[in-house]
Number of protein chains: 8
Amino acid sequence: MSFEDLGFSKIDIDREARTGAPEIIYGMGKTPEQAAAIFARIAANHGRALVTRADERLAEAILKEYPDAVYNPVSRLIRYGTPPRRYPGMVAVLSGGTSDIPVAEEAAETAEWLGCQVDRIYDVGVAGIDRLLAQRERIRKANVVIAAAGMEGALPSVVGGMVRRPVIAVPTSVGYGAHLQGLTPMLAMMTSCAAGVTVVNIDNGFGAGYYAASIQQLVWEARHGEDIVS
Amino acid sequence: MSFEDLGFSKIDIDREARTGAPEIIYGMGKTPEQAAAIFARIAANHGRALVTRADERLAEAILKEYPDAVYNPVSRLIRYGTPPRRYPGMVAVLSGGTSDIPVAEEAAETAEWLGCQVDRIYDVGVAGIDRLLAQRERIRKANVVIAAAGMEGALPSVVGGMVRRPVIAVPTSVGYGAHLQGLTPMLAMMTSCAAGVTVVNIDNGFGAGYYAASIQQLVWEARHGEDIVS
Amino acid sequence: MSFEDLGFSKIDIDREARTGAPEIIYGMGKTPEQAAAIFARIAANHGRALVTRADERLAEAILKEYPDAVYNPVSRLIRYGTPPRRYPGMVAVLSGGTSDIPVAEEAAETAEWLGCQVDRIYDVGVAGIDRLLAQRERIRKANVVIAAAGMEGALPSVVGGMVRRPVIAVPTSVGYGAHLQGLTPMLAMMTSCAAGVTVVNIDNGFGAGYYAASIQQLVWEARHGEDIVS
Amino acid sequence: MSFEDLGFSKIDIDREARTGAPEIIYGMGKTPEQAAAIFARIAANHGRALVTRADERLAEAILKEYPDAVYNPVSRLIRYGTPPRRYPGMVAVLSGGTSDIPVAEEAAETAEWLGCQVDRIYDVGVAGIDRLLAQRERIRKANVVIAAAGMEGALPSVVGGMVRRPVIAVPTSVGYGAHLQGLTPMLAMMTSCAAGVTVVNIDNGFGAGYYAASIQQLVWEARHGEDIVS
Amino acid sequence: MSFEDLGFSKIDIDREARTGAPEIIYGMGKTPEQAAAIFARIAANHGRALVTRADERLAEAILKEYPDAVYNPVSRLIRYGTPPRRYPGMVAVLSGGTSDIPVAEEAAETAEWLGCQVDRIYDVGVAGIDRLLAQRERIRKANVVIAAAGMEGALPSVVGGMVRRPVIAVPTSVGYGAHLQGLTPMLAMMTSCAAGVTVVNIDNGFGAGYYAASIQQLVWEARHGEDIVS
Amino acid sequence: MSFEDLGFSKIDIDREARTGAPEIIYGMGKTPEQAAAIFARIAANHGRALVTRADERLAEAILKEYPDAVYNPVSRLIRYGTPPRRYPGMVAVLSGGTSDIPVAEEAAETAEWLGCQVDRIYDVGVAGIDRLLAQRERIRKANVVIAAAGMEGALPSVVGGMVRRPVIAVPTSVGYGAHLQGLTPMLAMMTSCAAGVTVVNIDNGFGAGYYAASIQQLVWEARHGEDIVS
Amino acid sequence: MSFEDLGFSKIDIDREARTGAPEIIYGMGKTPEQAAAIFARIAANHGRALVTRADERLAEAILKEYPDAVYNPVSRLIRYGTPPRRYPGMVAVLSGGTSDIPVAEEAAETAEWLGCQVDRIYDVGVAGIDRLLAQRERIRKANVVIAAAGMEGALPSVVGGMVRRPVIAVPTSVGYGAHLQGLTPMLAMMTSCAAGVTVVNIDNGFGAGYYAASIQQLVWEARHGEDIVS
Amino acid sequence: MSFEDLGFSKIDIDREARTGAPEIIYGMGKTPEQAAAIFARIAANHGRALVTRADERLAEAILKEYPDAVYNPVSRLIRYGTPPRRYPGMVAVLSGGTSDIPVAEEAAETAEWLGCQVDRIYDVGVAGIDRLLAQRERIRKANVVIAAAGMEGALPSVVGGMVRRPVIAVPTSVGYGAHLQGLTPMLAMMTSCAAGVTVVNIDNGFGAGYYAASIQQLVWEARHGEDIVS
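Described in the following lines is the structure provided in the data block. Keep in mind that what you see is a predicted model, and the values were worked out from it rather than measured. (Residues numbered from 1 in each chain as written. Chains lettered and ligands numbered in written order. Predicted model: local features only at pLDDT ≥ 70, side-chain atom pairs only at ≥ 80, totals over all residues. Heavy atoms only, no water.)

Of the two same-sequence chains, chain A is brought onto chain H (RMSD 0.0 Å, axial shift 0.0 Å) by a rotation of 180°. In short, the pair behaves as if placed about a two-fold rotation axis. Of all interface residues in chain A, 100% are interface residues in chain H too; the two copies therefore contact each other through one and the same surface. (Least-squares fit on C-alpha atoms with pLDDT ≥ 70 in both. Contact = heavy atoms within 4.5 Å.)

Written as structure tokens, this is what we have:
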């Protein structure tokens with residue numbers, strides 16, 4: 001059997017073999033008891049675990065049993081264990097403004113937990129373009145770029161035209177009015193005039209970090225294995 | 001009476017005295033006969049006239065009687081007569097891409113017909129930021145900046161952070177999919193992270209050109225008259 | 001370097017030279033500590049500072065260090081310092097109803113902090129058109145008109161047809177049901193039948209006040225300098 | 001039986017007794033054959049008939065058999081027969097602009113076919129408020145006011161504050177961009193700051209005319225019958 | 001002067017002469033102090049007053065000074081004074097379900113405060129059509145019908161086909177999911193297959209009651225005056 | 001292998017065994033050549049085939065090879081072959097208006113092709129409720145009821161409260177304005193106040209007919225087999 | 001009379017005869033007093049009752065009088081009494097994730113209260129397809145399948161292609177950002193590439209359970225009665 | 001200078017050095033003359049060129065001068081020249097249905113033009129899950145997976161849970177009704193329950209192919225250069 005059945009949850013224990021990472025626990029909508037039970041099984045199977053969108057109650061339930069786990073209320077992640085390897089090359093994580101940092105941190109910490117090295121470059125929104133231009137070389141050195149921005153979400157378009165590497169755009173829910181809780185930057189990033197940009201869900205720092213790690217994993221395997229290249 | 005009643009239309013002949021410009025004729029949804037009749041009355045009253053959103057049929061009906069009128073099928077404007085004065089200082093009209101030029105031209109020609117001098121700076125979208133940066137000084141010299149852009153509409157945000165002058169953002173219907181016929185850049189411009197930016201309707205080059213002219217008119221009167229300053 | 005790097009924030013100290021005003025602090029989504037740290041750097045660099053969307057906690061953190069700063073819980077602004085000059089001519093700030101006053105005040109106080117003189121004309125919504133008509137001459141005397149309205153947002157359309165000066169429309173979130181948290185008046189203002197109207201984001205009194213000041217700054221420079229006119 | 005069954009249609013022959021008017025034929029989506037067959041049955045039962053949204057093909061099929069029927073390609077109505085009575089008092093039909101006239105005509109001709117007297121007052125949109133104010137007394141004399149407007153749809157709000165009579169607002173699909181094919185004026189009219197205004201569907205001149213007639217019918221019966229008043 | 005200026009509010013004291021009813025106070029977004037001050041002026045001028053959307057704090061502030069005023073927390077109305085006349089004929093107020101009663105009550109009490117007689121017919125939604133059919137004759141006796149319904153908002157369509165009188169549809173915010181806070185029944189009522197139906201804003205019981213009263217006022221004047229009929 | 005690979009299409013030949021019906025060909029977006037090739041393979045495997053959303057070009061390409069196939073331009077179906085069995089009991093197919101018949105026919109003919117008996121009851125929309133009530137007993141006799149309606153889509157709500165059987169609601173794109181191309185009746189049907197109603201996509205008569213047949217198949221197997229009941 | 005009139009509610013006592021189930025009480029928007037009064041009348045008439053969307057206050061008011069009633073705060077149902085018969089064959093209730101269980105439970109318990117046997121198969125979302133495939137045979141054994149899923153709502157599409165039985169899709173409000181409170185999975189389920197799927201409102205587990213029971217009732221009557229088959 | 005100025009276009013000749021690929025020409029909204037002029041300059045600078053969204057008129061204008069260029073009316077691409085290198089490893093391009101092939105081909109041909117090897121796996125939509133499962137190993141061998149799907153867009157969610165490599169989801173405009181021209185699958189893909197998925201604009205096959213190539217370029221450089229790894 002490829003999964004373990006808890007009744008309310010079927011834990012996908014085969015997932016690490018299949019995708020390179022254990023199942024990650026989405027904290028929202030789970031009771032502390034459910035989250036803790038799932039956590040315990042994943043930690044037992046893989047020696048590490050990650051919970052996203054965890055509130056204080058979830059964190060308390062889990063850290064009571066796993067005092068080595070780390071909870072960051074800004075990124076809302078509970079991280080436990082260390083990655084099996086550390087990938088070479090950098091993932092740059094950019095934020096448009098100070099208020100986008102929680103989402104950017106979710107991306108950065110997820111990527112780190114999965115084995116990436118992260119270069120955080122915050123508050124480089126396009127309204128003060130020189131702040132971004134001053135970081136141009138640093139950004140161009142990264143293997144993958146994550147750009148989290150709220151408001152009108154223009155940052156990935158500008159960055160996308162600067163670099164030769166894949167850019168992952170993360171719209172954030174920071175804004176008001178016509179911003180529509182993040183729908184506006186999401187749609188704007190979708191229709192970006194720059195090629196080389198893809199988009200994840202609003203505030204989905206986790207998804208961006210995970211995706212960056214899947215690219216870094218590919219690069220690492222390309223250097224170390226023979227199987228993926230003809 | 002402040003207007004002239006044609007039954008299907010009440011021409012606002014008092015408007016030039018009140019707002020500084022004669023009534024402008026919105027061509028869409030009018031029959032050629034209606035448009036020509038209104039045109040004739042405005043031309044008779046003011047010695048000049050402007051029609052927006054004019055198709056070939058409207059242009060034909062009007063130019064038959066007014067051969068000096070000029071029709072541009074790109075901007076869809078019919079312009080007739082010259083402005084009473086020419087304002088000092090420049091209105092910069094930017095377009096994000098080549099496909100945004102029809103809207104940018106509608107803005108530029110409207111502003112010119114109202115007495116402005118216009119500096120056209122086209123295809124400076126943010127995906128190739130160096131093209132825009134190369135024009136920075138030229139843009140900063142303008143009194144007013146109009147920025148027309150489709151796709152994600154990020155141009156006004158970047159420009160808004162570069163200049164000390166009012167920026168008028170014009171979303172265009174150039175794009176597809178998540179672009180939502182221009183709704184996405186419109187919402188994005190609305191929620192721009194740059195201060196100093198206001199927005200007009202999708203493809204409303206006319207509105208942007210008119211607004212720029214109303215600012216230039218204010219500047220001109222500020223230099224020549226006494227009445228508007230304490 | 002054109003900015004000062006606090007890690008979580010890159011302060012755009014070059015902005016006053018570039019745009020005529022110091023960076024303004026958007027309070028929402030910042031912790032009191034972050035806001036206070038940014039405030040301190042801007043106050044040190046420019047001798048004045050403005051925070052928008054400030055709640056009581058932010059105000060407390062900042063006023064503890066800067067007792068001369070003024071917090072208005074209606075407009076949610078923290079103002080500190082005085083403008084380098086006072087512009088001649090009036091900015092008229094209109095509100096459609098009593099409930100739109102907080103947004104109108106944000107516009108008015110922002111404009112004043114930036115050096116404008118403001119004429120407040122409140123509760124002149126179009127459902128009682130005589131209240132507006134009674135103010136017609138007063139409104140026509142202004143250099144720039146700001147019209148804040150919720151509900152259906154018709155005020156700027158009527159005002160736009162009355163005056164020769166630029167009108168800045170501010171949709172407010174006052175209303176319910178089909179009002180869609182301000183989206184309806186925003187869209188309505190966008191598609192106004194009056195020329196000479198541009199629009200800012202829902203409840204963005206700050207943006208309207210800033211824009212009005214940028215026009216007044218242009219007028220002032222047109223009168224005093226030579227550089228912006230040919 | 002209260003209806004006549006044609007298979008593809010069940011004609012509601014009881015409707016005149018029940019509601020005061022025969023079933024009206026909605027032309028859109030019907031084949032000429034279907035429309036003509038329904039028309040023939042209603043004409044036979046009631047001696048009069050009305051078709052809305054009729055195109056040239058429908059009109060041709062019906063007028064071939066009923067040469068006394070009248071087709072107006074502007075209002076897209078086919079009218080046949082005369083009303084059993086003519087109601088005292090006026091229905092005022094206003095249009096915001098020249099381009100809204102087709103919808104206004106649909107309202108006016110529907111009301112006339114149902115027995116109303118109509119006062120057409122066109123091109124009185126709020127951007128030139130004096131054109132509307134000049135008609136104030138004429139509008140106030142009406143028993144019911146229909147206000148058809150596209151763009152931002154502000155006309156009913158202003159009119160609603162002027163009169164003591166019920167106002168029926170008709171949003172039209174005249175506009176572009178943020179106008180959203182009439183959705184914007186419809187929502188705006190819904191959230192009007194004036195009491196005494198109700199709204200019908202976009203471009204639904206027929207519905208407005210019918211509603212006005214139902215009010216006039218009530219007034220007429222109030223004067224002539226005893227049954228509806230205690 | 002046709003209004004009284006309190007600074008934050010311009011009270012439209014001319015409104016009763018113009019429209020037949022004093023200005024009604026929209027409670028939402030006003031402070032208790034503002035509401036009480038406006039109430040006092042209207043009560044002084046007209047001897048009666050109505051506040052809508054009043055919460056407990058507003059009610060307390062007003063009833064302290066006007067103990068004869070009546071506050072109903074279900075309809076959220078504060079009513080004070082009696083109507084100058086009582087109109088003959090009935091206004092039927094229908095609710096689709098029990099949960100729509102607060103909106104229906106707002107309509108009913110508004111109409112009563114304005115002089116109407118009201119017949120309340122509640123919980124007659126279309127899912128149990130026999131409940132509605134059982135009331136058919138009672139509904140047909142009314143001069144005007146108000147139909148408040150949430151969910152899919154089908155009630156006015158069925159009622160509209162039953163009666164010869166004007167129907168005012170009020171969508172309510174009762175529902176969830178695809179109901180979109182009332183937007184769905186509002187749109188559905190707009191596109192009703194029944195003629196003779198107009199629509200007011202979501203939860204706008206007040207607007208429906210006011211409109212019904214304006215029709216009843218017309219009927220009353222038609223019977224008693226000569227001025228509105230030719 | 002459970003499918004046959006044509007490169008541009010993988011035909012699911014196992015589907016009849018798995019779901020009770022061969023793969024049905026969705027005509028839209030396929031070239032005539034693609035559709036004809038898929039048709040040929042399915043006809044060869046199963047002795048019958050069904051194409052939905054077929055235009056004249058598709059029909060021509062297929063009927064050239066299969067002259068026994070039947071094309072109905074109203075329902076846009078191409079039907080070929082006969083069902084292996086005919087289910088007892090009736091599927092009632094209702095349409096709100098005459099204009100909804102094409103969608104109703106798509107449902108009816110699909111159900112028939114799959115072995116159902118169909119009772120067509122057209123033009124029974126709720127605005128003339130007596131037309132529907134007159135059919136009440138006939139509708140109550142059916143095993144399954146399909147109700148296709150445009151405009152506000154109220155028909156399924158009324159029917160849902162009349163019968164003890166499952167109702168399948170089909171919103172149609174018949175309407176205009178607030179009808180939003182069928183989105184409004186779809187949302188309204190979703191939030192129906194009647195239990196016992198489920199919804200399929202706008203204009204998806206096929207889906208409704210298919211679903212009805214899957215219920216009839218279940219009933220038939222319940223009577224004839226032993227395997228589905230404990 | 002087919003209903004019992006409580007004033008605020010008209011209880012449809014005829015409903016069980018007509019549709020096979022007593023009126024079910026929708027708890028939301030009702031006061032505890034109203035809910036308890038309706039409950040008492042239904043329990044008296046039918047010996048059983050069901051309340052949906054009940055919060056703690058409602059449950060307390062009802063259980064005080066009916067201590068045998070059962071309240072489940074997860075499904076928010078209050079169940080009282082037993083079904084008159086138990087239907088053979090299984091209703092499979094699937095949930096995409098652990099967080100969708102409350103909605104799935106509402107479906108399962110409703111179906112059980114109405115006489116169905118339920119097989120709960122939880123946490124089988126498509127992102128770990130092998131978890132679903134492992135349940136394939138179990139799912140194929142059911143007479144009806146309910147699939148509750150949030151996020152992108154893909155579960156019913158995959159299940160729909162696996163089974164020969166009707167699938168009822170229930171979108172849930174579990175998700176964030178582009179998920180739009182469940183609107184996205186609802187729309188996605190609507191436009192499913194699988195035939196044999198219908199959809200109920202977001203979080204409407206009750207509606208799905210009720211619909212499944214109406215199918216099971218039909219199957220049961222088909223086996224035991226003669227009246228529904230020709 | 002980093003670009004070449006044609007007035008209506010500023011060609012970004014520096015782009016290949018900066019991003020690894022020459023500027024790609026977006027055909028939509030450009031006249032044949034504009035497209036041909038830009039094409040000529042890019043071909044001259046880089047020896048190769050790519051035009052997207054090209055119609056027959058554009059293709060004719062360009063192929064007249066460049067007979068070696070290849071135009072595919074299905075993908076709407078004009079390809080000219082060969083890539084400087086061919087990347088090892090495969091890009092898998094999946095389509096949900098036959099009708100999604102034009103978008104999938106745009107992705108495949110773009111990736112090939114940029115140097116990728118492509119494995120096309122078409123018509124593997126989730127409604128016949130076995131068709132997809134049969135390709136599982138083939139898909140797992142790819143370095144990057146592109147999944148183009150219309151309707152409800154569930155394909156990427158299922159694929160995302162099967163592979164360890166980055167998945168690029170492309171919503172297509174294939175569908176109707178609730179599909180909202182592709183908005184529904186786009187939103188659904190955004191909120192996918194699978195990690196490892198990012199999304200591009202509706203029908204943006206080009207963007208997906210370009211992104212896949214940027215990942216393949218990174219892998220290639222990781223194997224051949226030293227500069228991107230620490």
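Let's pick the thread back up.
On to the packing of helix α9 (residues 205-224) of chain B against helix α9 (residues 205-224) of chain C, then. The interhelical angle for the contact between α9 of chain B and α9 of chain C, taken along N-to-C directions, is 40°, at an axis separation of 8 Å. On the basis of the axis angle, α9 of chain B is oblique to α9 of chain C. As α9 of chain B packs across α9 of chain C, the resulting crossing turns out to be right-handed. Between α9 of chain B, through Y211, I215, L218, V219, A222 and R223 of chain B, and α9 of chain C, the contact on the second element is made entirely by Y211, I215, L218, V219, A222 and R223 of chain C. (Axes fitted to C-alpha atoms, helices over the stretch in contact; angles between N-to-C directions. Helix = DSSP H or I, 4+ residues; strand = E, 2+ residues; numbered from the N terminus. Parallel < 35°, antiparallel > 145°, perpendicular 65-115°, else oblique. Left-handed = near helix turned anticlockwise from the far one by under 90°.)

Moving on: the interface of chain A and chain H. At the interface, 45 residues of chain A touch 45 residues of chain H. Buried surface at the junction of chain A and chain H, both sides included, amounts to about 4000 Å², of which 55% is carbon and sulfur. Contact with chain H buries surface across chain A, with R164, M190 and Y211 of chain A losing the most and accounting together for 18% of the total. Taken together, the links from chain A to chain H amount to four salt bridges. Salt-bridge contacts for E221 of chain A lead to R165 of chain H; the nearest nitrogen and oxygen are separated by 2.6 Å. Seen at the junction of chain A and chain H, the total is 18 residue pairs in polar contact (both at pLDDT 80 or more). For the side of chain A that touches chain H, the secondary-structure elements that each account for two or more residues are α1 (15-19), β10 (167-171), α8 (183-190), β11 (197-199) and α9 (205-224) of chain A. Considered class by class, the residues forming the side of chain A that touches chain H number 23 nonpolar, 14 polar and eight charged. (Buried area = accessible area lost by both parts, 1.4 Å probe. Salt bridge = Lys/Arg side-chain N within 4 Å of Asp/Glu carboxyl O. Polar contact = N/O pair within 3.5 Å; in protein donor to acceptor, adjacent residues only side chain to side chain. Nonpolar A, V, L, I, M, F, W, Y, C, P; charged D, E, K, R; others polar.)

Moving on, we come to the sheet that holds strand β3 (residues 25-26) of chain F. Residues and elements named next belong to chain F. Across the sheet, four strands lie side by side as β3-β4-β6-β5; this open sheet has mixed pairing. Strand pairing shows two members of the sheet lacking a second neighbour, β3 and β5 (70-72), which therefore form its edges. In terms of strand pairing, β3 meets strand β4 (residues 49-52) through two bridges, oriented parallel. Within the sheet, the bridge partner assigned to I25 lies in β4 and is V51. (Pairing = 2+ DSSP bridges.)

Right, let's get into the interface of chain F and chain H. Facing the 21 residues of chain F at the interface are 18 residues of chain H. Both faces combined, the contact of chain F with chain H buries some 1500 Å², and carbon together with sulfur accounts for 56% of it. Put simply, chain F and chain H have zero salt bridges between them. Linking chain F to chain H there are ten residue pairs in polar contact (both at pLDDT 80 or more). Going through the elements one at a time, α1 (15-19) and α8 (183-190) of chain F are the ones with two or more residues in the side of chain F that touches chain H.

A few words on the packing of aromatic side chains. Inspection of the entire model under this criterion finds 46 aromatic pairs over all chains. Where F39 of chain D meets Y80 of chain D, the ring centres are 5.8 Å apart and the plane angle is 50°; that geometry is what we call tilted. Here Y80 of chain D lies in strand β6 (residues 77-80) and F39 of chain D lies in helix α2 (residues 32-46), a separation of 41 residues in the sequence. Accessibility assignment for this pair places F39 of chain D and Y80 of chain D in one class, buried. Aromatic side chains F206 of chain H and Y210 of chain H sit 5.8 Å apart centroid to centroid with 55° between the ring planes, which places their arrangement in the tilted category. (Phe/Tyr/Trp six-rings, centres within 6.5 Å; stacked < 30°, edge-to-face > 60°. Buried < 20%, exposed > 50% of the residue type's maximum accessible area, 1.4 Å probe, protein only.)

Consecutive residues of a regular strand have side chains that alternate between opposite faces of the sheet. Residue and element names in this part refer to chain B. In terms of burial, strand β10 (residues 167-171) is largely enclosed, as five of its five residues are buried. What you see with β10 is no split at all: V167, A169 and P171 on one side and I168 and V170 on the other are buried throughout. In this structure, strand β9 (residues 144-149) lies alongside β10, joined through five bridges in parallel fashion. Bridging from a neighbouring strand, A148 pairs with V170 of β10. With helix α7 (residues 155-160) bridging β9 and its parallel neighbour β10, the resulting β-α-β unit is right-handed. In this structure, β10 lies alongside strand β11 (residues 197-199), joined through three bridges in parallel fashion. Bridging across to β11, I168 finds its partner in T198. You can see the chain leave β10, run along helix α8 (residues 183-190) and come back into β11, and the turn it takes is right-handed. (Right-handed = clockwise from strand over helix to strand, strands pointing away.)

Residue and element names in this part refer to chain C. An order of β3-β4-β6-β5 is seen for the four strands of this open sheet, with the pairing classed as mixed. With partners counted over all chains shown, the strands left at the sheet margins are β3 (25-26) and β5 (70-72), one partner each. Two elements, strand β4 (residues 49-52) and strand β6 (residues 77-80), share three bridges in a ladder whose sense is antiparallel. In the sheet register, L50 faces β6, and the bridge partner there is R79. Strand contacts of helix α4 (residues 101-113): β4, β5 and β6, with the helix running at about 15° to β6, the strand carrying the most contacts.

Residue and element names in this part refer to chain F. Most of strand β7 (residues 90-95) sits out of view: five of its six residues are buried. Bridging between β7 and strand β8 (residues 117-121) involves five bridges; their strand directions are parallel. Bridging across to β8, V91 finds its partner in V118. Bridging between β7 and strand β9 (residues 144-149) involves five bridges; their strand directions are parallel. Directly across from V91, in β9, lies its bridge partner V144.

The buried fraction of helix α8 (residues 183-190) of chain C is high, at eight of eight residues. Looking only at α8 of chain C, the buried set comprises L183, T184, P185, M186, L187, A188, M189 and M190 of chain C.

Residue and element names in this part refer to chain B. Relative to the 21 Å expected for 15 residues at 1.5 Å per residue, helix α2 (residues 32-46) spans 21 Å between its end C-alpha atoms, a close match to the ideal helical length. P32, Q34, A35, I38, F39, I42, A43 and H46 are the residues of α2 that are buried. Here the buried residues of α2 occupy an arc of 155° about the axis, which is enough to place them on one side. With respect to the buried face of α2, the exposed residues turned more than 90 degrees away are E33 and A44. Of the surrounding secondary structure, the elements contacted by the buried residues of α2 are β2 (10-11), α1 (15-19), β3 (25-26), β4 (49-52), α3 (56-65) and β6 (77-80). Count one or two residues on from α2 and you reach G47, which has phi positive near 75°. (Expected span 1.5 Å × (residues − 1). Arc of directions from axis to C-beta.)

As a further point, take the environment of S75 of chain E. All names here are of chain E. Looking at the element boundaries, S75 is found in the loop between β5 (70-72) and β6 (77-80). Counting along the chain gives 130 residues from S75 to G205, while the straight-line C-alpha distance between them is 8.7 Å. Other than its neighbours up to four places away in sequence, S75 contacts P102, E105, E106 and E109.

Turning our attention to the relation of the copies chain F and chain H. At an RMSD of 0.0 Å, chain F and chain H line up after a rotation of 90° and a shift of 0.0 Å along the axis. In the structure described here, the two chain copies are related by an operation that fits a four-fold rotation axis. Across chain F, the smallest distance between a C-alpha and the rotation axis is recorded for L180 of chain F, namely 7.5 Å.

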